[in-house]
There are 2 protein chains.
Amino acid sequence: MAKQHELREKGLRLTPQRELVLQAVRELGHATPEEVAEKVRSTHPGINLSTVYRNLETLENVGLVLHTHLGHGGATYHAAEELTHLHLVCSVCGSIGDAPIDTAANFVNTLADDYGFKTDVTHFAIYGTCQKCSK
Amino acid sequence: MAKQHELREKGLRLTPQRELVLQAVRELGHATPEEVAEKVRSTHPGINLSTVYRNLETLENVGLVLHTHLGHGGATYHAAEELTHLHLVCSVCGSIGDAPIDTAANFVNTLADDYGFKTDVTHFAIYGTCQKCSK
DNA sequence: ATTGCTTTTGCAATTTGTTCGCAGGTATTA
DNA sequence: TAATACCTGCGAACAAATTGCAAAAGCAAT
C-alpha cells in the first residue's frame, strides 16, 4: 500500500488551498485566520478568506490544528504537534511568552482530583505581566 | 466631611445609567455587556447599549469592575469585590464552575519564580471538561 | 436658582471578525 | 473519462464592538 498523504489519511481532499493553509499554520507558530490568509497570499494571492476559515475549521476537526484564546477577539491557530507549551500573555506589552506544559501539571492534577475537571491547559492563555513589564 | 458616593470618590459623575450598570454587574455575578444591558433595561428601558459598553469600560478603569475571558467572543464582567474564584469552563456543556483562587497558588508562584511572570489568574478561564461531561 | 463648562448619553453609522448561500470548479473513484 | 461528492470564490449577511456628533445632564462657582 502506497504512502498516503496526511490529509488524505484523514479523509480530506487534497487541495492546494488546504495544503497551503496547513503549511502556513505550521510555519507561523501562532496565527490568526487573518495572518494565515496573509501568509498564504504571499505566494498564492487568489485564496479567499472564507476558504481559510473553512479550512482551519476542517483541519481542526481532524485534529491537525488547534485553536487557543489569547485574550481579546479572535482565536489563534497552532499546528497540533506544536502545541506543547503554555502561552504567557502580557497584559501590558501584549507579548506572548512560552512555558513548558509541565509547569501546570500540579495545577491540572489538583483540578482533576478535587473537582473532577479535566483541564485542557493549552486552550486558554495565561494572563499577567511579563518580567520586562513588571519592573 | 460628608460621605461621598463611591462613584464620585473615583472622580466619576453620578448618572443614573452608571449606577444602574454597576448595580447590574453586582447582581448578575458574571455578565456580558449584552446581559448587563438587558438587566438594566428590565427596569429602565431607554438605556443604550453603547452606554453600557462605555460605562463598563469606565468602571473598569477606576477598578470597580473587572472583565474575564471565558472563551469565545465577548468578555464577561464582574464586580471587582466578587472576583475571588477561578472559572472552570466546560467545553462540552458550556457550564461555568468555580474553584477557589488558592487552587492556582502553586502554579502562580512557579510562574513568578521561574519566569518572572505575574499571573492574573482571574482574568482567563480554565478550559476543560467538567465532571458531569467526562463520564 | 442661574450660568457655564465638561462629561455623558442616545443614535446612527462604521468597523471588524466570522459565517452563509450558491454557482462553478476540482479531486477522487469507478 | 464520466459521475459525484466535496471545495472554492464571491458577495451578502451577521454579530459584536466602536466611534462621531449633537443634545442632554451633572457639577462647581456665582
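Residues numbered from 1 in each chain as written. Chains lettered and ligands numbered in written order. Predicted model: local features only at pLDDT ≥ 70, side-chain atom pairs only at ≥ 80, totals over all residues. Heavy atoms only, no water.

(A) Structural view of the domain arrangement of chain A. Residues and elements named next belong to chain A. We note that the domain assignment places domain 1 (4-80) and domain 2 (84-134) within chain A. Between the C-alpha centres of domain 1 and domain 2 the distance comes to 24 Å. Facing eight residues of domain 1, the contacting portion of domain 2 comprises ten residues. Interface area, domain 1 with domain 2, both sides summed: about 670 Å², of which 57% is carbon and sulfur. Of all residues in domain 1, His30, His69 and Leu70 give up the largest surface area on contact with domain 2, accounting jointly for 59% of the area buried on that side. Inspection of the region where domain 1 meets domain 2 yields zero salt bridges. Of all the elements, strand β1 (residues 65-69) adds the most residues to the side of domain 1 that touches domain 2, at three residues. (Domains from an automatic or database assignment. Contact = heavy atoms within 4.5 Å. Buried area = accessible area lost by both parts, 1.4 Å probe. Salt bridge = Lys/Arg side-chain N within 4 Å of Asp/Glu carboxyl O. Helix = DSSP H or I, 4+ residues; strand = E, 2+ residues; numbered from the N terminus.)

(B) How the structure looks around the protein's contact with DNA strand D. Taken together, 18 residues lie near DNA strand D, and Thr15(A), Gln17(A), Thr51(A), Arg54(A) and Tyr53(B) sit nearest. Backbone sugar and phosphate groups make up 63% of those atoms of DNA strand D lying within 4 Å of the protein. In this structure, Arg18(A) approaches DNA strand D through a side-chain N or O atom, which is 2.8 Å from a phosphate oxygen. One of the side-chain N or O atoms of Arg54(A) is found 2.7 Å from a base nitrogen in DNA strand D. (Near = heavy atom within 4 Å. Polar contact = N/O pair within 3.5 Å; in protein donor to acceptor, adjacent residues only side chain to side chain.)

(C) View of the nonpolar core. Counting 33 residues, the largest nonpolar core has Ile126(A) and Ile126(B) as its most contacted members. When contributions to this core are tallied by element, the ones reaching two or more residues are β3 (85-90), α5 (105-115) and β6 (126-129) of chain A together with β3 (85-90), α5 (105-115) and β6 (126-129) of chain B. Residues contacting Ile126(A), with those up to four places away along its chain left out, are Leu86(A), His87(A), Leu88(A), Val89(A), Phe107(B), Leu111(B), Phe117(B), Thr119(B) and Phe124(B). (Core = buried A, V, L, I, M, F, W, Y, C linked by side-chain atoms within 4.5 Å. Buried < 20%, exposed > 50% of the residue type's maximum accessible area, 1.4 Å probe, protein only.)

(D) Representation of the interface of chain B and chain A within the structure. Taken residue by residue, the interface counts 32 residues in chain B and 32 residues in chain A. Where chain B abuts chain A, roughly 2700 Å² becomes buried across the two surfaces, and 69% of that area is made up of carbon and sulfur atoms. The interface formed by chain B and chain A contains zero salt bridges. Here chain B and chain A share eight residue pairs in polar contact (both at pLDDT 80 or more) between them. Only β1 (65-69), β3, β4 (96-100), α5, β5 (118-119) and β6 of chain B provide two or more residues apiece to the side of chain B that touches chain A.

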